[in-house]
Amino acid sequence: MAETAQYRVATATRTSRAGLFVLLAGVVFLATTPLWGGRAEMRLVVEFCYFLALAQMWNLLAGYAGLVSVGQQAFVGLGGYALFVFSIWLGVHPLLALPLAAVAAALFAIPTALIVFRLRGAYFAIGTWVTAEVYRLSFAQVSDLGGGSGMSLPIGVIKAVAGSRSERELVVFAIGVAVAVASTGIVYWLLRSRYGLGLTAIRDSEAASESLGVNNFRTKLYVYVLAASITGFIGALIYLQKFRIAPDAAFSLIDWTAYVIFIVVIGGIGRIEGPIVGTIVFFILREFLADLGSWYLMILGLVAVVVMLRAPQGIWGLLAARFDLHFFPVQRRLYRRDGSPP
Amino acid sequence: MPQIELHNARKSFGSLVVTDDFSMHLDEGEALGVIGPNGAGKTTLFNLITGGLAPDSGRIVFDGADITALPAHERCRRGIGRSYQIPHPFIGMTVFENLLVGAAFGTGKPESQCYGPCAEILEKTGLIGKANTLAGSLSLLERKRLELARALASDPKVLLLDEIAGGLTEEECLALVDTIRDIRAGGVSIVWIEHIVHALLSVVDRLIVINFGVKIDDGDPHTVMNSTQVQEIYMGISAE
Ligand SMILES: Nc1ncnc2c1ncn2[C@@H]1O[C@H](COP(=O)(O)OP(=O)(O)O)[C@@H](O)[C@H]1O
Ligand SMILES: [Mg+2]
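All values reported here derive from a predicted model rather than from experimental measurement. (Residues numbered from 1 in each chain as written. Chains lettered and ligands numbered in written order. Predicted model: local features only at pLDDT ≥ 70, side-chain atom pairs only at ≥ 80, totals over all residues. Heavy atoms only, no water.)

**Student:** Please give an account of the coordination of the magnesium ion (ligand 2) that cites residues and values.
**Tutor:** All names here are of chain B. Protein-derived ligands of the magnesium ion (ligand 2) are Thr43 (OG1) and Gln85 (OE1), with the metal-ligand distances lying across 2.0 to 2.1 Å. Highlighted residues: Thr43 in helix H1 (residues 42-50) and Gln85 in the loop between strand S6 (80-82) and helix H3 (95-107), separated in sequence by 42 residues. According to the relative accessible area criterion, Thr43 is partly exposed, its value standing at 26%. A residue is classified by how much of its surface remains accessible, and Gln85, at 29% relative accessible area, is partly exposed. (Donors = N, O, S within 2.8 Å, 3.2 Å for Na, K, Ca; no water. Helix = DSSP H or I, 4+ residues; strand = E, 2+ residues; numbered from the N terminus. Buried < 20%, exposed > 50% of the residue type's maximum accessible area, 1.4 Å probe, protein only.)

Below you can see the structure in the form of structure tokens.
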């Protein structure tokens, strides 16, 4: 086609190349924590990483596929319990139990999706929350998993991760950083692929995407299962760090979904940079406000409401618009061969 | 050979019957016009053909195959393209990306093979200057043009156009008629719902009239326009 010769398509922009350096610097900073920080800093970075990864997954669901789930704690809990079941009951090496937890979460996500996908809008949100509650109550019934009071990882399983405490912490730390980078990378890769076109189209108009050939149901199902599976992996990692699991904490709406929604909303929903900015802001607020007890939650809520009213596109949305920033360029731009706009 | 057939299609919303025992056909390569007062059920007819709505009863056939139970995205992939009367742009995507969605998913081609055809359609529909603009910042008329361009990108065999000439100046309207004639010359059949009757008559081979969900006339455009029944309804339209 003659026109193919006349035009070219690019996604990168000037700021995206600069952004790449900022991101790389960030990753290097986090990954070298063991060199500049102690045990506490490493724990904090792991926590930062899994919140970032959870936020990337929730953003993929809500910001792109239009699936506003308030039940992602279901998959954190399932992943956490899968770690215990695989490593204690089935004698699987705990590090192998992490990917198996991802598979288990995916397997649970399929029937869950078939139920909640029948619901629309607010009913979908409520449905996801109810399903998560059902999982929580079910696990509380299993006395072999400690029932409502939960259980701890036996010392044998813990030692299987690595011989010494510092080695174990290093392993969990490395996996944590890898999960954060991988979740961000997967979302970026997904959005740059044709799937990204379909997903973004679904976000903007389900009627139009379907009538242009996008299989809305299947696209959403894949995204839901993918997010559940990675969330399950994160859940297993969280409880490999904590050693101790109980249903109320593992399926906690506040810890694994409310905070995550806060992160995505203030950072900027529907943008890959949003969860990164949001997680940074969340950790800063938490560092300064955690001593305030329940005031802390109220302040978080207040910040979220102000951002939603004043800057619904989030902090990153504001910055991106003002300075034309695209750290993760996913927009396909058409240029003439000579580089000028069409 | 008929490309689209509707056999006794019926659709109601609650007690309101919007499509009543409706049968029609469209031949391959044909351009068919559809007129009727507001609320007559014209857009609903398109929704039944594209799969946006399922009929309560009756059958819909495309290229000889029964597609009544086929989801909308499958119908698009088989070659049924549509534009919406009320535009549904993907507001967070650029105009070019809006077309890419139709091209990549409607034709099943790899994305990189869609760039050329999409750029060509943008040129043909006069949107090339807006290629990298977010669709959410387009004016209503540009959004309507995007509806047409995006449907074309899915490489349809049949194009269903829902009132795309409303609000155009005389000059723009003539340009649109030219574009539609071009599309048709490329082998695409057309069904066009339009209130701007002179534009419609300059394109279509046949005209269907719908009133209260019932097909009340179907035939040569000028004969249909001159029938007393249509004259009565048509006076109703122009009086609005
Ligand atoms: N989803 C819907 N739910 C309820 N009523 C509808 C719906 N869609 C259309 N209608 C009604 O069906 C009738 C026909 O609508 P429509 O097909 O859009 O008419 P037209 O395109 O001819 O103006 C109108 O009375 C409209 O209000
Ligand atoms: Mg209509």
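**Student:** Tell me what's going on with the sheet that holds strand S2 (residues 16-27) of chain B, and back it up with residues and numbers.
**Tutor:** Residues and elements named next belong to chain B. Taken in spatial order, the 4 strands of this open sheet run S2-S1-S4-S5, and their pairing is antiparallel. Since the sheet does not close on itself, it has two edges, and those belong to S2 and strand S5 (65-66), each with one partner. Note that strand S1 (residues 2-13) and strand S4 (residues 57-62) share 5 bridges and pair antiparallel. The residue bridging Leu6 from the neighbouring strand is Ile60, located in S4. The sheet contacts of H1 involve S1, S2 and S4, and relative to S1 the element is tilted by about 120 degrees. (Pairing = 2+ DSSP bridges. Contact = heavy atoms within 4.5 Å. Axes fitted to C-alpha atoms, helices over the stretch in contact; angles between N-to-C directions.)

**Student:** Report on the domain arrangement of chain B, specifying residues and quantitative values.
**Tutor:** Residue and element names in this part refer to chain B. One can read the domain layout of chain B as domain 1 (1-79 + 158-240) and domain 2 (87-155). For domain 1 versus domain 2, the distance between C-alpha centres works out to 23 Å. The interface is formed by 13 residues belonging to domain 1 together with 9 residues belonging to domain 2. Carbon and sulfur atoms supply 68% of the area buried between domain 1 and domain 2, which totals about 950 Å² over both sides. Applying the counting rule to domain 1 against domain 2 returns 0 salt bridges. At the junction of domain 1 with domain 2, the criterion picks out 1 residue pair in polar contact (both at pLDDT 80 or more). Listed by contribution, the elements that provide at least two residues to the side of domain 1 that touches domain 2 are helix H2 (72-78), strand S7 (158-162) and helix H6 (170-185). Sorting elements by how many residues they give to the side of domain 1 that touches domain 2 places H6 first, with 4 residues. (Domains from an automatic or database assignment. Buried area = accessible area lost by both parts, 1.4 Å probe. Salt bridge = Lys/Arg side-chain N within 4 Å of Asp/Glu carboxyl O. Polar contact = N/O pair within 3.5 Å; in protein donor to acceptor, adjacent residues only side chain to side chain.)

**Student:** Can you tell me about the sheet that holds S7(B), naming the residues and giving the values?
**Tutor:** All names here are of chain B. The strand order S6-S7-S8-S3-S9-S10 describes an open sheet built from 6 strands, whose pairing is mixed. The open sheet has two free edges, formed respectively by S6 and strand S10 (214-219), since each of these has just one partner strand. Adjacent strand axes in the sheet meet at a mean angle of 15 degrees, parallel and antiparallel pairs treated alike. With respect to the sheet, helix H5 (residues 140-153) is in contact with S6 and S7, its orientation differing from that of S7 by roughly 165 degrees.

**Student:** Which residues make up the pattern of salt bridges, and what values go with them?
**Tutor:** Here the structure, examined in full by the defined rule, presents 19 salt bridges over all chains. Where salt bridges share partners, they join Glu30(B), Arg206(B), Lys215(B) and Asp218(B) into one cluster.

**Student:** Let's hear about the pairing of strand S3 (residues 31-35) of chain B: which residues, and what values?
**Tutor:** Residue and element names in this part refer to chain B. The buried fraction of S3 is high, at 5 of 5 residues. The alternating pattern of S3 places Ala31, Gly33 and Ile35 on one face and Leu32 and Val34 on the opposite face, and all of these are buried. In this sheet, strand S8 (residues 189-193) lies alongside S3 in parallel orientation, the contact comprising 4 bridges. By the bridge assignment, Ala31 is partnered in S8 with Ile190. Direction of pairing for S3 relative to strand S9 (residues 206-211): parallel, over a ladder of 4 bridges. From the neighbouring strand, Val34 faces S9, where its bridge partner is Ile208.

**Student:** Account for helix H16 (residues 294-310) of chain A, with residues named and values stated.
**Tutor:** Residues and elements named next belong to chain A. With 17 residues, H16 ought to run about 24 Å at 1.5 Å a step, and its terminal C-alpha atoms sit 24 Å apart, in line with that. Every buried residue of H16 is accounted for by Tyr296, Leu300, Ala304 and Val307. Looking straight down H16, one finds its buried side chains confined to an arc of 75 degrees; they lie on one side. Turned more than 90 degrees from where H16 packs its buried face, Trp295, Leu302, Leu309 and Arg310 sit exposed. Contacts from the buried residues of H16 go to helix H14 (253-267), helix H15 (273-289) and helix H17 (314-323). (Expected span 1.5 Å × (residues − 1). Arc of directions from axis to C-beta.)

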